[in-house]
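Each chain, letter by letter, is given below.
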Amino acid sequence: MKSQKVRSKFLSFFEEKKHSIVPSAPMVLKDDPTLMFVNSGMAPFKEYFLGNAKPKNNRITDSQKCLRVSGKHNDLEEVGYDTYHHTLFEMLGNWSFGDYFKKEAIAWAWELLTEVYGIDKDILYVTVFEGDEKDGIGMDTEAYDIWKQYISEDRILKGNKKDNFWEMGDQGPCGPCSEIHVDIRSVEEKAKISGKDLVNEDHPQVVEIWNLVFMQYNRKANGSLEALPNKHIDTGMGFERLCMVLQGVQSNYDTDVFTPLIREIETITNKNYGKNEKADVAIRVISDHVRAVAFSIADGQLPSNTGAGYVIRRILRRAVRYGFTFLDKKEPFIYRLVDVLSKRMGEAFPELKAQKQLIENVIKEEEQSFLRTLDQGLVLLNRIVNETKDDTVSGEKAFELYDTYGFPIDLTALILSEKGLKLDEEGFNVELQKQKSRSRAASEMSTDDWTILVNDAEEEFVGYDTLEANVKLTRYRKVTSKKEGDMYQLVFNLTPFYPEGGGQVGDKGYLEDTHGDVVYILDTKKENNVIIHFAKNLPKHINESFKAVVDSKQRHRTECNHTATHLLHQALREILGMHVEQKGSAVHSKYLRFDFSHFSKLTVEEIRDVENFVNRRIEGKLPLEEMRNVPKEQAIAEGAMSLFGEKYGDTVRAIRFGKSIELCGGTHVQNTSDIWHFKIVSEGAVAAGIRRIEAITNDAVKDFYFENNRAYFEMRDLLNNAKEPVKALQNLQEENTNLKKQIESLLKDKAKSIKSDLKNELEVINGVQFLAKKLDLDAGGLKDVAFELGSQFDNLFLLLATEQNGKALLSCYISKELVSSKGLNAGQVVRELGKYIQGGGGGQPFFATAGGKNPSGINQALESSKDYLN
């Protein structure tokens, strides 16, 4: 059965059982601080399980994109080595929110697997929760008795808390679960050992394919359990594993989900899958990882150095290094797999087709960047090897290579083994644990349970219409972190405070009670459909009413910037072309940032045209036209733009200013004239095919022009109030250029005369011509001297220094023959010696420079340079 049919049969089966089919939610989470990515099928529905929202239908079915690479559910290091773990995977699921429970969930699961998919009953096993004394829960006899109607008791196994009690975190909804396992081993293998002895033993052919979670408890902060007011069903079936079973193969990678990607990798690399274990692992890693990276980029998450972006970069770099090491690919090639992927999965996930060019561009640029890192790392590793006195390389040095330069530790170990050396793995792990401990300590947080004051399931946002409201505190909890200390999270029955979302920052303001006591709201965020207000103190009179007041100045400035982003989006599409799509935004009170797809740097004329376009609409005094709670299809039919990676409900809010119309939940000015003026302050690249504009409006523009005006008059004063300051400045520049040329000529003459003196000062150390000296020359003079001397010797190590305008400068020249034969590297030398002058630098292996702010350290740097030759 083809994978597309496997997916469609699942969805249509539950549609017949009166479930609504919903599309996969974006994999990158926007309003859940506890998760970076959707890591299970239930993650997009947490608000329903928590009772913070009500679904349109109590029965839902879907195929959800999931990513497991960090935190509690981390499968990354297994990927490639076994045949059934993945970073990205599809989770087929059916859900009941307070509707049906165990009886129906078990019956339908059995019907679908055995009757619709036709899986042999004799290869199936099920597990039920055996109970847990610590939690005070007995065995799940209800599920056990239901299963007895469908499967013999010797195939119903008891599972412990680790395997058969599902929790979405340290706190929150949870419950016992019943897993369905399949045994696809040969008859001969089954005769040797029973399948039930291999369930949950990580056997590649005895695997779990479906987990039925019976969500009936809530885990509190103190670890105790309480019954949920409603019981829910949350099931998750691994799509890739199901395809393996139905296609009669022994590995997920032998299904048609992966074989097209594997065939393309074989073609590109000239390697045959199934011939060499190390190459096979690499091919599996790459075919898995390209899916994870492609879907993440399509959902709006670009690779970066922080947060979710770092996770995506890490996955892609793992794929690159497996290709580099085991498939001998030293140039970008993974981006070429995106075409195959979009053709195979684009029908089910149209975002892959829509974002194909962007995905290819970003992956290719990331590959090129990391391959350069690997090249640099190889030079540094060679240096470490040459400095190693025995047969073991220091774990601390290897960690520095890993942590500072991003060089993979397993690649380090592989290269060392090829050179007959060992890696101090214990020392490396000590350093790694230190880093993890520092990171964990910095982010450690404890969260108390909610204290419920009023049972109010629906919190109303009134901030579109008013900045003040009388509110009641419905619940609160204390949160403690190392960074923020004690904070209180407050929830009200209604609120005028806008929670961070859609790129817009959360509102600030204050609460005032009838006694005149004030509590300041420092931030506002949304978590699982609940608007949470952050304060350093808990209100004294928690059961009384409060006047909630939003900081109107900050809100107005933020609104100006948010409306400007809509006008900017329209301007870019009009001026650059309709290929422009928003790829991210940040709307603060002081500035706005807008990321968009475009292939080249904007010219000065294009930037001016964009500014003029926006400012004409500001001058045009366009009124806000707002449509609230309209059907999404209606809003899009009327021209509203939606963004990939955003999660929209059945009804949406649309914002129109003239011909600009977008789906948006943020706050906006009532009229574009309120913005006053729009000014772009920077434009640059974020990633391949992604540009970023930063701009300002309103008061920030006034400040910008005031500062520019002040600078202009200061410049005129310096130019003796010249009538034509621009011309006077040009004359000064020309005069300065001529003087520089004269000075350079004099310094070159000086350098030439110095050169002959320096030749006499060279000393030989271990067969190397060496000199370390401070000279009265500028940077260019040092370089001239270095290259003049370098042209006469093929074994020269030169470190020259100078002091200019209170700053220190080091220049290192190493003959290319020494770079090759002794593994010396001028860039590494100046980086390490730069610490003496409180600076740093870099360059090529044969010539590099470093600058610093501590000239008094020059002598120590010069003296230490000898150590490289001993």
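Right, let's walk through the structure included here. All of these numbers come straight from a predicted model, not from anything done at the bench.

1. What to know about the overall build of the protein chain
Item 1. When helices and strands are counted, the protein chain shows 25 helices and 37 strands.
Item 2. Taking the principal axes of the C-alpha coordinates as reference, the protein chain spans close to 100 × 75 × 50 Å.
Item 3. Each of the 870 residues in the protein chain was classed as buried or not, and the buried ones make up 51%.
Item 4. Within the protein chain, residue pairs in contact and separated by at least 24 positions form 69% of the contacts whose partners lie at least 6 positions apart.
Item 5. Both charge centroids of the protein chain, one from 115 positive and one from 132 negative side chains, sit 3 Å from each other.

2. Side note on the packing of helix α8 (residues 259–269) against helix α9 (residues 277–298)
Item 1. The geometry of α8 relative to α9 is characterised by a closest axis approach of 10 Å and an angle of 120° between their N-to-C directions. Between α8 and α9, the angle is such that the two are oblique. The two elements α8 and α9 meet at a crossing, and its hand is right-handed. Residue-level contacts link L261, I262 and I265 of α8 to I283, I286, S287, V290 and R291 of α9.
Item 2. Its residues placed into classes, the contact of α8 with α9 shows six nonpolar, one polar and one charged.

3. Structural notes on the sheet that holds strand β27 (residues 625–631)
Item 1. Taken together, the three strands give an open sheet; going across it, the order is β27-β28-β29, and neighbouring strands pair in antiparallel fashion. Only two strands of the sheet have a single partner each, and these edge strands are β27 and β29 (660–663). Averaged over all pairs of adjacent strands, the angle between their axes in this sheet comes to 20°, without regard to strand direction.
Item 2. By the bridge criterion, five bridges tie β27 to strand β28 (residues 651–657) in an arrangement that is antiparallel. Paired with P631 across the bridge in β28 is T651.
Item 3. Each of β28 and β29 touches helix α17 (residues 552–576); the most contacted strand, β29, lies at about 115° to it.

4. Examining a negative patch on the surface
Item 1. There is a patch of like negative charges on the surface, built from E78, D197, E201 and D202.
Item 2. With a relative accessible area of 35%, E78 lands in the partly exposed category.

5. Remarks on helix α1 (residues 3–16)
Item 1. Helix length check: α1 (14 residues) gives 20 Å between terminal C-alpha atoms against 20 Å at 1.5 Å per residue, within 8%.
Item 2. Those residues of α1 lying buried are S3, V6, R7, F10, L11, F13 and F14. Looking straight down α1, one finds its buried side chains confined to an arc of 155°; they lie on one side.
Item 3. Phi for K18, located one or two positions after α1, is positive at around 70°.

6. What about the pattern of salt bridges?
One side chain can pair with another of opposite charge once the charged atoms of both are near each other.
Item 1. Using the criterion set out here, one finds 48 salt bridges in the structure.
Item 2. Note that E90 and R7 form a salt bridge whose closest N and O atoms lie 2.8 Å from each other. Taken together, the residues span a long stretch of sequence, with E90 in strand β5 (residues 88–97) and R7 in helix α1 at a distance of 83 residues. Here E90 and R7 have matching classes, each one buried.

7. Some details on the side chain of T269
Item 1. Relative to the elements of secondary structure, T269 occurs in helix α8.
Item 2. A polar atom in the side chain of T269 sits 2.7 Å from the backbone oxygen of I265.
Item 3. Ignoring sequence-local partners within four residues, the contact set of T269 consists of L327, K329 and F333.

8. Structural notes on the environment of I680
Item 1. On the secondary structure map, I680 appears in strand β30 (residues 678–687).
Item 2. Judged by its relative accessible area of 8%, I680 is buried.
Item 3. Contact partners of I680, with chain neighbours within four places excluded, come to I607, V610, E611, I693, E694 and A695.

9. Some thoughts on the pairing of β30
Item 1. Two elements, β30 and strand β31 (residues 690–697), share eight bridges in a ladder whose sense is antiparallel. Of the residues in β31, the one forming a bridge with E683 is I693.
Item 2. What sits between the antiparallel neighbours β30 and β31 is a turn of two residues, in which G689 has the positive phi angle 80°.

10. Considerations on unusual backbone geometry
Item 1. Although it is not a glycine, N698 adopts a positive phi angle of roughly 50°.
Item 2. Following the sequence through the fold, N698 ends up in helix α20 (residues 698–718).
Item 3. Positive phi outside glycine occurs at N805, with the angle close to 55°.
Item 4. Tracing the chain through its elements places N805 in the loop between β34 (796–804) and β35 (807–814).

11. Looking at the state of the cysteines
Simply put, disulfide is the name for a covalent bond between the sulfur atoms of two cysteines.
Item 1. Applying the stated criterion across every chain, the model contains zero disulfides.
Item 2. The thiol of C66 is unpaired, and the distance to the nearest cysteine sulfur, on C243, comes to 15 Å.

Calculation rules
Residues numbered from 1 in each chain as written. Predicted model: local features only at pLDDT ≥ 70, side-chain atom pairs only at ≥ 80, totals over all residues. Heavy atoms only, no water. Helix = DSSP H or I, 4+ residues; strand = E, 2+ residues; numbered from the N terminus. Buried < 20%, exposed > 50% of the residue type's maximum accessible area, 1.4 Å probe, protein only. Contact = heavy atoms within 4.5 Å. Lys, Arg positive; Asp, Glu negative; His and termini not counted. Charge placed at Lys NZ, Arg CZ, Asp CG, Glu CD. Axes fitted to C-alpha atoms, helices over the stretch in contact; angles between N-to-C directions. Parallel < 35°, antiparallel > 145°, perpendicular 65-115°, else oblique. Left-handed = near helix turned anticlockwise from the far one by under 90°. Nonpolar A, V, L, I, M, F, W, Y, C, P; charged D, E, K, R; others polar. Pairing = 2+ DSSP bridges. Patch = residues over 30% accessible without salt bridge, like charges linked within 9 Å, V, L, I, M, F, W, Y side chains within 5 Å. Areas by Shrake-Rupley, 256 points an atom, 1.4 Å probe, with all protein chains shown as cover. Salt bridge = Lys/Arg side-chain N within 4 Å of Asp/Glu carboxyl O. Expected span 1.5 Å × (residues − 1). Arc of directions from axis to C-beta. Polar contact = N/O pair within 3.5 Å; in protein donor to acceptor, adjacent residues only side chain to side chain. Disulfide = S-S within 2.5 Å.

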